[in-house]
Amino acid sequence: PLNEFTKDLEKFYLKRQYSRLYFVKSLKENYGDLFHLYGTKKWGLYDLKSKSIGFDKKTRMKEYAKAGICVDFLPQTSNSCIYNRSLEIFNSGSILIQWKAFNSEIVFGKEYSDLFCFYSVNEMISKIDEVRSNGLDYYDNIRKNAIRKIQIYQDKINLKTIKKCKTIITNQKKNKEKTYN
């Protein structure tokens, strides 16, 4: 069973990488030098120049803020829209345009998800062009509302996790008492 799971994960990872490559090449074709790619040197294997964004949070936040529009293709091994990079992009003041995830609407809200989450290259480019046309300030209230929705979502998940931990601890205590009695 573990081998099957590992093989499935490897297939998922490869499909995700090929999809990313397709989207990134499309961005480069459409936006030329306006498009900046951050990631590993492996992009060079596909004639794409990338910069390292590094591990320093302040540096990443500055790059995201400077970009204004940041396109994200979800984590490499997950389909969740919420993780460190997406949160940092929001917190930098930039617009996150992201591959639509199963929980995009739940986390960001319907309005943000409809405006900034995509399924296809054409949809992604259309969303980027719309933001470029309207300007970042046009979307400031929508972005701030999405941040509030993210906080509510995280609070719910945190509360659920805390309750689960309490249940586990309570059950462990009960089991110890039974063992000693």
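For clarity, every value in this text was computed on a predicted model and none was experimentally measured.

### Things to note about the overall build of the protein chain
Scanning the protein chain for helices and strands turns up 7 helices and 3 strands. Mapped from its N terminus to its C terminus, the protein chain presents α and β elements in the order α-α-β-α-β-α-α-β-α-α. A compact globule built from 181 residues would reach a C-alpha radius of gyration of about 16 Å, whereas the protein chain, at 20 Å, exceeds it by more than 25%. Once the C-alpha set of the protein chain is aligned to its principal axes, its extents read approximately 75 × 45 × 30 Å. For the protein chain, buried positions account for 34% of its 181 residues. In the protein chain, the proportion of contacts linking residues at least 24 apart, taken out of those at least 6 apart, comes to 57%. On the protein chain, roughly 12,600 Å² of surface is accessible, and the fraction owed to carbon and sulfur atoms is 53%. On the protein chain, the mean spot of the 34 positive side-chain charges and the mean spot of the 20 negative ones are 8 Å from each other.

### Here's the deal with the pairing of strand β1 (residues 69-72)
Residue alternation in β1 divides its side chains into a buried set, Cys70 and Asp72, and an unburied set, Ile69 and Val71. Examined bridge by bridge, β1 and strand β2 (residues 95-99) share 4 bridges and lie parallel to one another. Bridging from a neighbouring strand, Asp72 pairs with Gln98 of β2.

### As for the pattern of salt bridges
In this structure the tally under the stated criterion is 7 salt bridges. A salt bridge links Lys110 to Asp114, with the nearest nitrogen and oxygen atoms 2.9 Å apart. Placement of the pair is Lys110 and Asp114 together in helix α5 (residues 110-116), with a separation of 4 residues, close to one helical turn. A relative accessible area of 49% means that Lys110 is categorised as partly exposed. Between Asp140 and Arg143 there is a salt bridge, with the nearest N and O atoms lying 3.6 Å from each other. Note that Asp140 and Arg143 are positioned in helix α7 (residues 140-180) at a spacing of 3 residues, about one turn of the helix.

### Side note on the nonpolar core
The biggest cluster of nonpolar side chains holds 39 residues, and the ones touching the most others in it are Phe73, Phe90, Phe108, Tyr112, Phe116 and Met124. If you list the elements that add at least two residues to this core, you get α1 (2-31), α3 (84-92), β2, α4 (104-108), α5, β3 (117-118), α6 (121-134) and α7. Excluding residues within four positions of it along the chain, Met124 makes contact with Phe23, Leu27, Val71, Phe73 and Phe118.

### Concerning unusual backbone geometry
Even without being a glycine, Asp47 presents a positive backbone phi close to 60°. As for its placement among the helices and strands, Asp47 is situated in the loop between α1 and α2 (57-67). Positive phi, close to 70°, is recorded for Leu74, a residue that is not glycine. Within the secondary structure layout, Leu74 lies in the loop between β1 and α3. Residue classification places Leu74 among the buried positions, given a relative accessible area of 2%.

### Details of the state of the cysteines
Within this structure, the stated rule accounts for 0 disulfides. For the unlinked cysteine Cys117, the closest cysteine sulfur is that of Cys81, found at 6.8 Å.

### Remarks on the side chain of Asp72
Its place among the elements puts Asp72 in strand β1. For Asp72, a relative accessible area of 2% translates into the label buried. Within the structure, the side chain of Asp72 is placed 3.2 Å from the backbone nitrogen of Leu74, a separation counted as a polar contact. Excluding anything up to four places from it in sequence, Asp72 contacts Tyr83, Arg85, Leu96, Ile97, Gln98, Trp99 and Phe118.

### Examining a nonpolar patch on the surface
A grouping of Tyr13, Leu14 and Tyr18 is seen on the molecular surface, where their side chains present a nonpolar patch of about 320 Å² in accessible area. Secondary-structure assignment places Tyr18 in helix α1. Among the residues examined, Tyr18 registers a relative accessible area of 56% and is labelled exposed.

Calculation notes
Residues numbered from 1 in each chain as written. Predicted model: local features only at pLDDT ≥ 70, side-chain atom pairs only at ≥ 80, totals over all residues. Heavy atoms only, no water. Helix = DSSP H or I, 4+ residues; strand = E, 2+ residues; numbered from the N terminus. Rg over C-alpha atoms; globule rule 2.2 N^0.38 Å. Buried < 20%, exposed > 50% of the residue type's maximum accessible area, 1.4 Å probe, protein only. Contact = heavy atoms within 4.5 Å. Areas by Shrake-Rupley, 256 points an atom, 1.4 Å probe, with all protein chains shown as cover. Lys, Arg positive; Asp, Glu negative; His and termini not counted. Charge placed at Lys NZ, Arg CZ, Asp CG, Glu CD. Pairing = 2+ DSSP bridges. Salt bridge = Lys/Arg side-chain N within 4 Å of Asp/Glu carboxyl O. Core = buried A, V, L, I, M, F, W, Y, C linked by side-chain atoms within 4.5 Å. Disulfide = S-S within 2.5 Å. Polar contact = N/O pair within 3.5 Å; in protein donor to acceptor, adjacent residues only side chain to side chain. Patch = residues over 30% accessible without salt bridge, like charges linked within 9 Å, V, L, I, M, F, W, Y side chains within 5 Å.

These results come straight from atomic positions and should not be treated as a statement about function.
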